[in-house]
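# Topology and contacts: notes
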Amino acid sequence: KAGVTQTPRYLIKTRGQQVTLSCSPISGHRSVSWYQQTPGQGLQFLFEYFSETQRNKGNFPGRFSGRQFSNSRSEMNVSTLELGDSALYLCASSSSPTDTQYFGPGTRLTVL
Amino acid sequence: AQSVTQLGSHVSVSEGALVLLRCNYSSSVPPYLFWYVQYPNQGLQLLLKYTSAATLVKGINGFEAEFKKSETSFHLTKPSAHMSDAAEYFCAVSEDNFNKFYFGSGTKLNVKP
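An account of the accompanying structure is given in this report. Model, not experiment: these values are computed from the prediction.

### Some thoughts on the state of the cysteines
All names here are of chain A. Taken as a whole and assessed by the stated rule, the structure comprises two disulfides over all chains. Between the sulfur atoms of cysteine 23 and its disulfide mate cysteine 91 the distance is 1.7 Å. Here the S-S torsion is close to -55°, and the disulfide linking cysteine 23 with cysteine 91 is therefore left-handed. Here cysteine 23 is found in strand β3 (residues 19-24), whereas its partner cysteine 91 is found in strand β9 (residues 87-94), with 68 residues between them in sequence. A relative accessible area of 0% means that cysteine 91 is categorised as buried.

### Topic: the nonpolar core
Membership of the largest hydrophobic core comes to 25 residues, with the highest contact counts inside it found for Trp35, Leu47, Leu48, Phe74, Leu76 and Tyr89 of chain B. Secondary structure elements with two or more residues in this core: β3 (19-21), β5 (32-38), β6 (44-50), β8 (64-68), β9 (73-78), β10 (87-94) and β12 (107-112) of chain B. Broken down by element, this core gets its largest block of residues, four residues, from β10 of chain B. When neighbours within four sequence positions are excluded, leucine 48 of chain B is seen to be in contact with Leu33, Phe34, Trp35, Val57, Lys58, Gly59, Phe63, Glu64, Ala65, Phe74 and Leu76 of chain B. If you look at the next biggest cluster of nonpolar residues, it comprises 21 residues, including Leu21, Leu46, Leu109 and Val111 of chain A.

### Quick look at the pairing of strand β5 (residues 42-50) of chain A
All names here are of chain A. For β5, a buried count of eight out of nine residues is recorded, marking the element as mostly surrounded by other parts of the structure. Relative to β5, strand β4 (residues 31-38) runs antiparallel, the two sharing eight bridges. Considered in β5, the bridge of tryptophan 34 is made with phenylalanine 47. Taken together, β4 and the strand that follows it, β5, pair antiparallel across an intervening segment of three residues.

### So, the pairing of β9 of chain A
Residues and elements named next belong to chain A. With eight of eight residues buried, β9 lies mostly within the body of the structure. Of the two faces of β9, the one carrying Ala87, Tyr89, Cys91 and Ser93 and the one carrying Leu88, Leu90, Ala92 and Ser94 are both buried. Relative to β9, β4 runs antiparallel, the two being bridged by seven bridges. From the neighbouring strand, serine 33 faces β9, where its bridge partner is alanine 92. Strand direction decides the pairing type here: β9 and strand β11 (residues 107-111), joined by three bridges, are antiparallel. Bridge pairing in β11 places leucine 88 opposite arginine 108. As paired elements, β9 and strand β10 (residues 102-103) share two bridges and run antiparallel to each other. By the bridge assignment for β10, serine 93 is matched with tyrosine 102.

### A few points about the interface of chain A and chain B
With 23 residues of chain A in contact, the opposing surface of chain B contributes 15 residues. Between chain A and chain B the total buried area reaches about 1600 Å² when both faces are included, carbon and sulfur atoms providing 48% of it. Together, Leu43, Thr100 and Phe103 of chain A form the three largest contributors to the area buried by chain A at its contact with chain B, with a combined 32%. For the pair chain A and chain B, the interface holds zero salt bridges. Our enumeration of links across chain A and chain B arrives at four residue pairs in polar contact (both at pLDDT 80 or more). Elements with a contribution of two residues or more to the side of chain A that touches chain B: β4, β5, β6 (53-57) and β9 of chain A. In terms of residues, the side of chain A that touches chain B owes the most to one element, β4 of chain A, which gives four residues. Considered class by class, the residues forming the side of chain A that touches chain B number eight nonpolar, 10 polar and five charged.

### Considering the environment of proline 105 of chain A
Along the chain, the position of proline 105 of chain A falls in the loop between β10 and β11. Judged by relative accessible area, which is 23%, proline 105 of chain A ranks as partly exposed. Considering only alpha carbons, one finds proline 105 of chain A and alanine 92 of chain A, 13 residues apart in sequence, at a separation of 9.4 Å. Those residues in contact with proline 105 of chain A that sit more than four places away from it in its chain are Val4, Gln6, Arg9, Leu88 and Leu90 of chain A together with Gln42 and Gly43 of chain B.

### Considering the sheet that holds β3 of chain A
Residues and elements named next belong to chain A. Ordered by their spatial adjacency, four strands build an open sheet running β1-β3-β8-β7, and the pairing between neighbours is antiparallel. Of all strands in the sheet, those bounded by a partner on one side alone are β1 (5-7) and β7 (64-68). Mean inter-strand twist for the sheet, computed between neighbouring axes without regard to direction, equals 20°. Examined bridge by bridge, β1 and β3 share three bridges and lie antiparallel to one another.

The rules behind each value
- Residues numbered from 1 in each chain as written.
- Chains lettered and ligands numbered in written order.
- Predicted model: local features only at pLDDT ≥ 70, side-chain atom pairs only at ≥ 80, totals over all residues.
- Heavy atoms only, no water.
- Disulfide = S-S within 2.5 Å.
- Helix = DSSP H or I, 4+ residues; strand = E, 2+ residues; numbered from the N terminus.
- Buried < 20%, exposed > 50% of the residue type's maximum accessible area, 1.4 Å probe, protein only.
- Core = buried A, V, L, I, M, F, W, Y, C linked by side-chain atoms within 4.5 Å.
- Contact = heavy atoms within 4.5 Å.
- Pairing = 2+ DSSP bridges.
- Buried area = accessible area lost by both parts, 1.4 Å probe.
- Salt bridge = Lys/Arg side-chain N within 4 Å of Asp/Glu carboxyl O.
- Polar contact = N/O pair within 3.5 Å; in protein donor to acceptor, adjacent residues only side chain to side chain.
- Nonpolar A, V, L, I, M, F, W, Y, C, P; charged D, E, K, R; others polar.
- Axes fitted to C-alpha atoms, helices over the stretch in contact; angles between N-to-C directions.

The following block contains the structure:
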């Protein structure tokens, strides 16, 4: 079974731009979570989707948003990029909200 | 709110030596606890998880962890370190929702030949 895939793997943007990251979960998985990883703040929970509904949200500004499609693929969007948004964004999927999460390789976003 | 403390941002051991990575959590309810490993430029891989069954949890690659409620700890151990164990290790906790994790700050394990 293929693992969680994230595209693109690397991205460079400038301040003020917006960006969309994509996550394709493991086949059959309906829950997708997003995390931000930075050297200063570590790993922080962004949000989680299950069956196209956002069930949980972390403590991030409204510039961070996401959605999930009927095929369970998920996207996250960051608008008005700031330098501090430079991070590795990790996506994880599970078959249900109480099952083990499997992480993708991440998208490394650099904001210049 | 949940919090996870990993003592020691860097741990160095010799190949063949015991590995001990410390994790303490704060939780007002029985938690679900996890250890993940991250190799450079990769995502997180689950090593093991505690879900209120046995307090001693065995994971992959010879790792195990013991849940001690009285000490609010979930330390990760491996009897004999291998060079391939060099990576960053994260402890995570979740309450009633598996998919909202609170991660520790991570411990980088260095294994010396």
